[in-house]
Amino acid sequence: SGLLMYIQVPVPFAPSFYKLDFCDVPVLVGSFAMGPLAGTIIAALKILISLVLRGTQTAGVGEFSNWVQACSLSIPAALIYQHKKSRKSAMAGIVAGIAAMVAIACFTNAYIMLPAYAAAFHMPIDNLIAMGNAVNPRIDSLMAFILLAVAPFNLLKGALVGLITTLIYKRISILIKTKI
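A few points on the structure. (Residues numbered from 1 in each chain as written. Predicted model: local features only at pLDDT ≥ 70, side-chain atom pairs only at ≥ 80, totals over all residues. Heavy atoms only, no water.)

**What about the overall build of the protein?**
Across its full length, the protein carries six helices and two strands. In the protein, the order of α-helices and β-strands from amino to carboxyl end is β-β-α-α-α-α-α-α. The C-alpha atoms of the protein give 17 Å as radius of gyration, which agrees with the globular expectation for 180 residues (16 Å, within 12%). The principal-axis extents of the C-alpha atoms in the protein amount to approximately 50 × 35 × 25 Å. Considering the protein as a whole, with its 180 residues, one finds that 45% of them fall into the buried category. Restricting to contacts in the protein with at least 6 residues of sequence separation, those with at least 24 account for 67%. Carbon and sulfur atoms form 72% of the exposed surface of the protein, whose accessible area is close to 9,200 Å². (Helix = DSSP H or I, 4+ residues; strand = E, 2+ residues; numbered from the N terminus. Rg over C-alpha atoms; globule rule 2.2 N^0.38 Å. Buried < 20%, exposed > 50% of the residue type's maximum accessible area, 1.4 Å probe, protein only. Contact = heavy atoms within 4.5 Å. Areas by Shrake-Rupley, 256 points an atom, 1.4 Å probe, with all protein chains shown as cover.)

**Here's the deal with unusual backbone geometry**
In this structure, His122 is a non-glycine residue whose phi angle is positive, near 50 degrees. Of the residues examined, His122 reaches a relative accessible area of 74% and is grouped as exposed.

**Concerning the packing of aromatic side chains**
Each aromatic ring pair is described using two quantities: the centre-to-centre distance and the angle formed by the ring planes. The tally for this structure, following the rule as stated, stands at ten aromatic pairs. On the numbers, 5.1 Å between centres and 45 degrees between planes, the contact of Phe107 with Tyr111 is tilted. Of this pair, Phe107 and Tyr111 both sit in helix H4 (residues 87-120), four residues apart, which is roughly one turn of the helix. (Phe/Tyr/Trp six-rings, centres within 6.5 Å; stacked < 30°, edge-to-face > 60°.)

**Some details on the packing of helix H2 (residues 36-54) against helix H3 (residues 61-83)**
Following both chains from N to C, one finds H2 and H3 inclined at 160 degrees, their axes separated by 8 Å at the closest point. Between H2 and H3, the angle is such that the two are roughly antiparallel. Relative to H3, H2 is oriented so that their crossing is right-handed. In contact with Pro36, Thr40, Ala43, Ala44, Lys46, Ile47 and Leu51 of H2, H3 contributes Glu63, Asn66, Trp67, Ala70, Cys71, Ile75, Ala78, Leu79 and Gln82. (Axes fitted to C-alpha atoms, helices over the stretch in contact; angles between N-to-C directions. Parallel < 35°, antiparallel > 145°, perpendicular 65-115°, else oblique. Left-handed = near helix turned anticlockwise from the far one by under 90°.)

In structure tokens, the structure reads:
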């Protein structure tokens with residue numbers, strides 16, 4: 001998971017500091033295989049690995065945001081899947097996890113992450129909004145930034161992570177369970 005953080009793809013509808021990666025696939029796989037606590041630990045380990053290997057460019061704000069995002073996706077998904085282990089409950093868990101991730105990302109970005117990022121780099125939040133406006137002229141306020149950049153980014157990431165997890169989980173879970 002820590003190494004997958006290196007493979008990043010910019011998205012055309014958000015500022016350059018929002019990059020799509022697939023580091024939450026191992027978090028979600030681990031959550032399904034070993035439970036939500038394991039997923040939370042895997043998410044923390046990926047952040048630590050990333051910090052050791054490449055440091056931080058966001059004064060820790062991006063790393064904390066990434067951990068919150070991973071946990072908000074994996075915990076609801078794992079809790080639903082652990083209740084009844086079936087493909088249907090896995091899909092329901094992923095959908096619930098995506099919904100939680102989008103909602104939590106919107107709230108935390110509006111009230112915690114973006115203000116903390118702006119404070120850490122001694123810039124007004126209007127500078128971040130201007131970065132959003134540069135890629136989408138409709139981003140002209142913090143609320144527009146949240147609705148037009150943060151929400152779609154997290155929806156896309158959650159959907160792709162969920163899809164990949166759905167495609168590989170059965171094969172990988174056999175390997176995980178034989179090692180435990």
